[in-house]
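Survey of secondary and tertiary structure
Okay, here's what each chain looks like letter by letter:
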Amino acid sequence: MSIDRNELRVWSMKTSEVPHSIPSAYVKVLQRWEHARASAFVHESDRRDYICAHALRRALLADCFGLRAGSWDIEQRHLQKPIIATPIQHGTAESNLTHTRGFVAVVVGLDCAVGIDAEDRNRHIEPDAASLICSTSEHDFLNAIPSSSPARRELLLHMWVRKEALLKAMGVGLSFPLPAIDLDHNGHPSLSHSTFAIGAISDWRIWNIDAGPSHLVAVGAHHCGRSLLPTHQAINWHDLEDMLLHGNSLGQANEDYR
Ligand SMILES: CC(C)(COP(=O)(O)OP(=O)(O)OC[C@H]1O[C@@H](n2cnc3c(N)ncnc32)[C@H](O)[C@@H]1OP(=O)(O)O)[C@@H](O)C(=O)NCCC(=O)NCCS
């Protein structure tokens with residue numbers, strides 16, 4: 001096992017650079033349900049993003065825990081956070097992934113719930129989306145920035161990404177109202193309404209990940225009192241293919257795929 005209990009390991013990849021004929025090594029490590037989901041996409045680019053994200057997660061799990069990429073049994077139920085069913089020796093492997101057009105990212109941790117979100121930095125966001133994202137105090141902070149300023153749009157997008165990473169770590173996703181959460185600059189959340197029972201909010205934290213100029217990325221985690229530290233690596237599509245083909249992370253095809 002190469003990950004320790006305080007590390008949150010993040011890998012990201014630009015899928016816009018992946019060839020149109022997706023490397024077969026990516027496809028071979030997926031489970032049957034992942035194949036079914038992948039083939040249901042209408043747009044080829046969405047299918048590519050999906051396959052890349054899921055292959056990247058398997059390669060990262062292999063890198064962290066030494067089990068082959070194709071051997072991980074991951075269960076996904078409708079609307080629920082996917083769980084890793086494969087047991088590991090010294091705890092529980094946790095992961096989460098995100099895909100947005102042309103870019104995917106994955107986080108893996110040990111014994112702590114994790115979530116990740118990414119958005120294109122230039123993505124359009126309606127100014128009135130602030131009422132769906134910001135708490136009252138965040139709204140006041142945002143309103144202090146001139147509405148014509150690009151910094152205001154980017155701050156709003158950043159708040160969205162950070163909150164979504166947190167809610168994905170919690171497993172509730174966007175079923176939880178974003179304005180009920182207040183985030184401070186250090187990534188510590190608090191609840192502006194006590195009516196939402198999601199446990200001790202102070203046990204959670206969010207980090208910004210510097211994954212380059214094109215995308216905003218954030219990771220959320222249940223820190224359990226530990227000093228978690230995210231690390232990030234940008235993975236080139238060819239290196240991922242190499243890892244899956246020649247590295248320790250090459251798995252046999254999953255049983256249900258074979
Ligand atoms: C989860 C959610 C935030 C993802 O948002 P998104 O911006 O569309 O997608 P992202 O690319 O960032 O993340 C997608 C990945 O998140 C993971 N995911 C799915 N549901 C999840 C959940 N409840 N919590 C955390 N992660 C989840 C999956 O791995 C998914 O990957 P896949 O689409 O390749 O299978 C959004 O779909 C959502 O809020 N869903 C509703 C959840 C809900 O209502 N749950 C009710 C029961 S608790």
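Just so you know, these numbers come straight off a predicted model, no measurement behind them. (Residues numbered from 1 in each chain as written. Predicted model: local features only at pLDDT ≥ 70, side-chain atom pairs only at ≥ 80, totals over all residues. Heavy atoms only, no water.)

As for the overall build of the protein chain
- If you tally the helices and strands in the protein chain, you get seven helices and eleven strands.
- Its C-alpha radius of gyration of 18 Å places the protein chain within 12% of the 18 Å reference for a compact globule of 258 residues.
- Seen through its C-alpha atoms, the protein chain measures out along the principal axes to roughly 55 × 40 × 30 Å.
- Going through the 258 residues of the protein chain one by one, you find that 50% of them count as buried.
- When the accessible surface of the protein chain is totalled, it reaches about 12,400 Å², and 51% of it is carbon and sulfur.
- With 24 positive and 30 negative side-chain charges, the protein chain shows a spacing of 3 Å between the two charge centroids. (Helix = DSSP H or I, 4+ residues; strand = E, 2+ residues; numbered from the N terminus. Rg over C-alpha atoms; globule rule 2.2 N^0.38 Å. Buried < 20%, exposed > 50% of the residue type's maximum accessible area, 1.4 Å probe, protein only. Areas by Shrake-Rupley, 256 points an atom, 1.4 Å probe, with all protein chains shown as cover. Lys, Arg positive; Asp, Glu negative; His and termini not counted. Charge placed at Lys NZ, Arg CZ, Asp CG, Glu CD.)

Focus: the UniProt feature "domain: 4'-phosphopantetheinyl transferase N-terminal" (unreviewed entry) in the protein chain
- What UniProt calls "domain: 4'-phosphopantetheinyl transferase N-terminal" (unreviewed entry) maps, in this numbering, to residues 26-106.
- End-to-end, the C-alpha atoms of residues 26-106 are 15 Å apart, and along that stretch the chain is 41% helix and 20% strand. (UniProt positions renumbered as here; feature names shortened; annotations may be inferred.)

Some points on the site of the ligand
- The full set close to the ligand counts 20 residues, and H54, H99, E164, K168 and L174 are the nearest of them.
- Between the ligand and N96 there is a distance of 3.2 Å, counted from a nitrogen atom to a side-chain nitrogen or oxygen.
- Coverage of the ligand by the protein amounts to 74% of the 880 Å² it exposes when considered alone.
- Taking a 2 Å distance to the grid points as the criterion, the majority of the atoms of the ligand fall inside the largest pocket. (Near = heavy atom within 4 Å. Polar contact = N/O pair within 3.5 Å; in protein donor to acceptor, adjacent residues only side chain to side chain. 1 Å grid on protein atoms, 1.4 Å probe; cavity = no way out; pocket = protein on both sides within 12 Å on 5 of 7 lines; lining within 4 Å. Sits in = over half its atoms within 2 Å of the grid points.)

Re the domain arrangement of the protein chain
- For the protein chain, the assigned domains are domain 1 (1-109 + 228-258) and domain 2 (113-214).
- Inter-centroid distance (C-alpha atoms) of domain 1 to domain 2 is 25 Å.
- Every contact between the two is made by 19 residues of domain 1 and, on the other side, 16 residues of domain 2.
- When domain 1 packs against domain 2, the two sides together hide about 1,400 Å² of surface, and 67% of this comes from carbon and sulfur.
- Its largest share of buried area at the contact with domain 2, domain 1 owes to K81, N96 and T98, together 31% of the area lost on that side.
- The tally of links between domain 1 and domain 2 comes to zero salt bridges.
- Where domain 1 meets domain 2, there are eight residue pairs in polar contact (both at pLDDT 80 or more).
- Looking at the side of domain 1 that touches domain 2, the elements that each hand over two or more residues are β1 (7-14), β4 (93-100), β5 (103-110) and β11 (229-234).
- It is β4 that contributes the most residues to the side of domain 1 that touches domain 2, six residues altogether. (Domains from an automatic or database assignment. Contact = heavy atoms within 4.5 Å. Buried area = accessible area lost by both parts, 1.4 Å probe. Salt bridge = Lys/Arg side-chain N within 4 Å of Asp/Glu carboxyl O.)

Observations regarding the sheet that holds strand β9 (residues 204-209)
- Pairing in this open sheet of three strands is antiparallel, and the strands run β6-β10-β9 from one edge to the other. Each having just a single partner strand, β6 (114-120) and β9 make up the two edges of the open sheet. Recorded for the sheet is a direction-independent mean angle of 20° between the axes of neighbouring strands.
- In this sheet, strand β10 (residues 215-222) lies alongside β9 in antiparallel orientation, the contact comprising six bridges. Residue pairing in the sheet places I209 in a bridge with V217 of β10.
- Seen against the sheet, helix α6 (residues 150-170) touches β6, β9 and β10 and runs at an angle of roughly 155° to β6. (Pairing = 2+ DSSP bridges. Axes fitted to C-alpha atoms, helices over the stretch in contact; angles between N-to-C directions.)

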